[in-house]
Amino acid sequence: MSETKQLHRRQVLSGAGIVGLGAVLASCAPATAQQPAATSEYSANMMPGNVLPTPPTNTNAISVATATLQGNRLRVRGSYAGLSGPLRNYATDPVDPPNPRITSAVHIHQMAADPAAMPNGPFLFAMTVMMTNANSGTFTGDVTLTDAQRAALMAGNFYMDIHTTTNRAGEVRGPLTVIQGS
Ligand SMILES: [Cu+2]
């Protein structure tokens, strides 16, 4: 019996076989049949009270960001105001060990697998910051997510934060949550 016939017979005999065959057929779909990637919108409201493990009490800063996810491309824009002081300068005050990808103090992080044990998840992306003055400004980002990162964002496991010289571990923080699409 040919492999195809065996597969067909298993498909008839077994529900799991049908699922398996469906996966095989889906993976063979021609690339030309793909639809434009669906778009979804996210937002983050960053506040001092969300900073973990210890929210700063010396600031009333706020930051708002919106983000558009299309396929694996995530485009972000936002603004911040009321910082207690200058943004943390990672060139002169780096993390340990230094990470050359941390090019600004406005970040996207992914939640740790066990947030109770590790409230601050790993750094993923730094935004491009345009300072209005020492305490306020705007930022943008245009990044490509891995499939795993995209799944984490869609599961609500991304957050944004801003670090300052006074609050080096974070002055404001907020989750990136979906506001439109899925
Ligand atoms: Cu950060």
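Anything mentioned here points back to the structure above.
For clarity, every value in this text was computed on a predicted model and none was experimentally measured.

Caption draft 1: The overall build of the chain, seen in detail. Scanning the chain for helices and strands turns up three helices and 10 strands. The order of α-helices and β-strands along the chain, N terminus first, is α-α-β-β-β-β-β-β-β-α-β-β-β. Residues classed as buried in the chain amount to 24% of the 182 residues present. For the chain, contacts bridging at least 24 residues in sequence account for 57% of all contacts bridging at least 6.

Caption draft 2: Region of the structure containing the pairing of strand β3 (residues 73-81). Of the two faces of β3, the one lined by Leu74, Val76, Gly78 and Tyr80 is fully buried and the one lined by Arg73, Arg75, Arg77, Ser79 and Ala81 carries no buried residue. In this structure, strand β2 (residues 62-70) lies alongside β3, joined through nine bridges in antiparallel fashion. Residue pairing in the sheet places alanine 67 in a bridge with valine 76 of β3. Where β3 lies against strand β7 (residues 137-144), eight bridges are found, and the strand directions are antiparallel. Across the sheet, the residue bridging to arginine 73 is threonine 144, located in β7.

Caption draft 3: Focus on the nonpolar core. By size, the foremost hydrophobic cluster in this structure holds 29 residues, and its most contacted members are Ala44, Ala67, Met160, Ile162 and Leu176. Taken together, the elements giving at least two residues each to this core come down to β1 (39-46), β2, β3, β4 (106-110), β5 (123-126) and β8 (158-162). With four residues, the single largest contributor to this core is β8.

Caption draft 4: The arrangement of the sheet that holds β4 in detail. Pairing within the open sheet is antiparallel, and its four strands lie in the order β5-β4-β8-β9. In this open sheet, the two strands that pair with only one neighbour each are β5 and β9 (172-175). On average, adjacent strands in this sheet sit at an angle of 25° to one another, irrespective of strand direction.

Caption draft 5: Expanded view of the environment of leucine 87. Inspection of the secondary structure puts leucine 87 in the loop between β3 and β4. Classification of leucine 87 as buried rests on a count of 20 C-beta atoms within 10 Å. Taking C-alpha positions, leucine 87 is 9.4 Å from serine 136, a pair spaced 49 residues apart along the chain. In contact with leucine 87, not counting residues within four places along its chain, are Ala105, Val129, His163 and Thr164.

Caption draft 6: Molecular detail of the sheet that holds β1. Taken together, six strands build an open sheet; the order of strands is β6-β7-β3-β2-β1-β10 and the sheet is antiparallel. The open sheet has two edge strands, β6 (128-131) and β10 (177-180), and neither has a second partner. The sheet shows a mean angle of 20° between the axes of neighbouring strands, direction not considered.

Caption draft 7: Molecular detail of the environment of methionine 127. Here methionine 127 lies in the loop between β5 and β6. Methionine 127 sits in the buried class, given 23 other C-beta atoms within 10 Å. When neighbours within four sequence positions are excluded, methionine 127 is seen to be in contact with Val76, Ser104, Val106, Phe139, Thr140 and Gly141.

Caption draft 8: Seen up close, unusual backbone geometry. The residue after leucine 52, namely proline 53, is reached through a cis peptide bond having omega 0°. Within the fold, proline 53 resides in the loop between β1 and β2. Between aspartate 96 and proline 97 the backbone carries a cis peptide bond, its omega angle lying at 0°. Summarising the element assignment, proline 97 is placed in the loop between β3 and β4.

Caption draft 9: Structural detail: the pairing of β2. Residues of β2 alternate between two faces, with Ser63, Ala65, Ala67 and Leu69 buried on one and Ile62, Val64, Thr66, Thr68 and Gln70 left unburied on the opposite face. Where β1 meets β2, eight bridges bridge the pair, whose relative direction is antiparallel. The partner of asparagine 45 across the bridge, within β2, is valine 64. Between β2 and the antiparallel strand that follows it, β3, lie two residues; glycine 71 among them carries a positive phi value of about 60°.

Conventions we followed
- Residues numbered from 1 in each chain as written.
- Predicted model: local features only at pLDDT ≥ 70, side-chain atom pairs only at ≥ 80, totals over all residues.
- Helix = DSSP H or I, 4+ residues; strand = E, 2+ residues; numbered from the N terminus.
- Buried ≥ 20, exposed ≤ 12 C-beta atoms within 10 Å, placed from the backbone.
- Contact = placed C-beta atoms within 7 Å.
- Pairing = 2+ DSSP bridges.
- Core = buried A, V, L, I, M, F, W, Y, C linked by C-beta atoms within 7 Å.
- Axes fitted to C-alpha atoms, helices over the stretch in contact; angles between N-to-C directions.

Treat this as a map of the structure, not an account of what it does.
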